[in-house]
Amino acid sequence: EKELVFDCKLFGLSPYEAEQMDPQMKLLLSSTWEAFEHSGWDMHALRNSNTGVFIGTQVSPAANWRSPKGTNEFTVPGSSVSMFANRISYHFNLMGPSTTTMTACSSGISALHAAMNAVKCGDCEQAVVGSSNYLGSYNSSTGFGALGVISPDGKCHSFDQKANGYMRSEGVFVFVIKSLEAAERDGDNI
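Asker: Even after reading the chapter, I still don't get the nonpolar core, so can you show me in this structure?
Answerer: Here is a general trend for soluble globular proteins: nonpolar side chains tend to be buried in one another's company. If you look at the biggest cluster of nonpolar residues, it comprises 23 residues, and the most contacted ones within it are Phe36 and Ile88. Within the residue set of this core, elements represented by two or more residues are helix 2 (23-39), strand 1 (51-56), helix 5 (84-92) and strand 4 (171-178). The dominant element in this core, judged by the number of residues it contributes, is helix 2, at 5 residues. Ignoring any residue separated from it by four or fewer positions in sequence, one finds Ile88 in contact with Met25, Leu28, Leu29, Thr32, Val53, Ile55 and Leu94.

Asker: What should I look at first to understand the pairing of strand 1 in this one?
Answerer: In summary, the side chains of a regular strand alternate between the two faces of the sheet. When you tally the buried positions in strand 1, you get 6 out of 6 residues, the bulk of the element. Burial along strand 1 is two-sided: the face carrying Thr51, Val53 and Ile55 and the face carrying Gly52, Phe54 and Gly56 are both buried. Sheet topology note: the strand 1/strand 3 (residues 126-133) ladder contains 6 bridges and is parallel. If you follow Gly52 over to strand 3, its bridge partner there is Ala127. With 4 bridges joining them, strand 1 and strand 2 (residues 98-101) adopt parallel strand pairing. Within strand 2, the position partnered with Phe54 by the bridge is Thr99.

Cut-offs and rules
Residues numbered from 1 in each chain as written. Predicted model: local features only at pLDDT ≥ 70, side-chain atom pairs only at ≥ 80, totals over all residues. Heavy atoms only, no water. Core = buried A, V, L, I, M, F, W, Y, C linked by side-chain atoms within 4.5 Å. Buried < 20%, exposed > 50% of the residue type's maximum accessible area, 1.4 Å probe, protein only. Helix = DSSP H or I, 4+ residues; strand = E, 2+ residues; numbered from the N terminus. Contact = heavy atoms within 4.5 Å. Pairing = 2+ DSSP bridges.

What follows is the structure, encoded as C-alpha cells:
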C-alpha cells in the first residue's frame, strides 16, 4: 500500500478550498489521476470527451464537520458526497453522465453496473468507476453495531453460507472502463 498525497495545485485548488474538501474527494481525485496514468489514456485528449463518471459511496462523517473558518462557498462542494462524481467530471472536464450512487455496502458494485450499462448503451464512450468509504468517526459503526449487522466474529463471508454480518472498513478505488474493442483499437493498457 502506498499513501496518496493530495497536491491541491495539481487540481487547480487553493489550499483553503482543499482544506474544506472531504478526505474521500481528495482520494478520489488523486486515484482518478492514477487510473488515467495506468490506463494509458491521454488526459489532454479526455477534455470535453464523452467520458462518464460513476462513483459509489456512503454518507460521509465529514459532512457533519464544522470548519473553524465557518461556512463559505466551498462548504457544499467540499462535503457533499452527492457531488463526488461531479467534482471529478469538473476537474478533468469530462462531458459524459456523472452520478454518485449511495446503496450502502453495494455502492461500488452499483456504480460499476451503471457504468457498464452506460458504455454498452452508448450514453458514454468510456467511464471512470470508483468507490470510497471513510469512517472518520465511531458514530456510524456504533449505529450499525446496535442494528445488529456487524459480524460478531469480525470476519466477512460475502455471498457465503457462513455470512453472519459485515465489517466496516475504509478505502478507495478508481479504475477506467471502455469496451474491449475500443480499448484494443486505442492501444490502452488492459
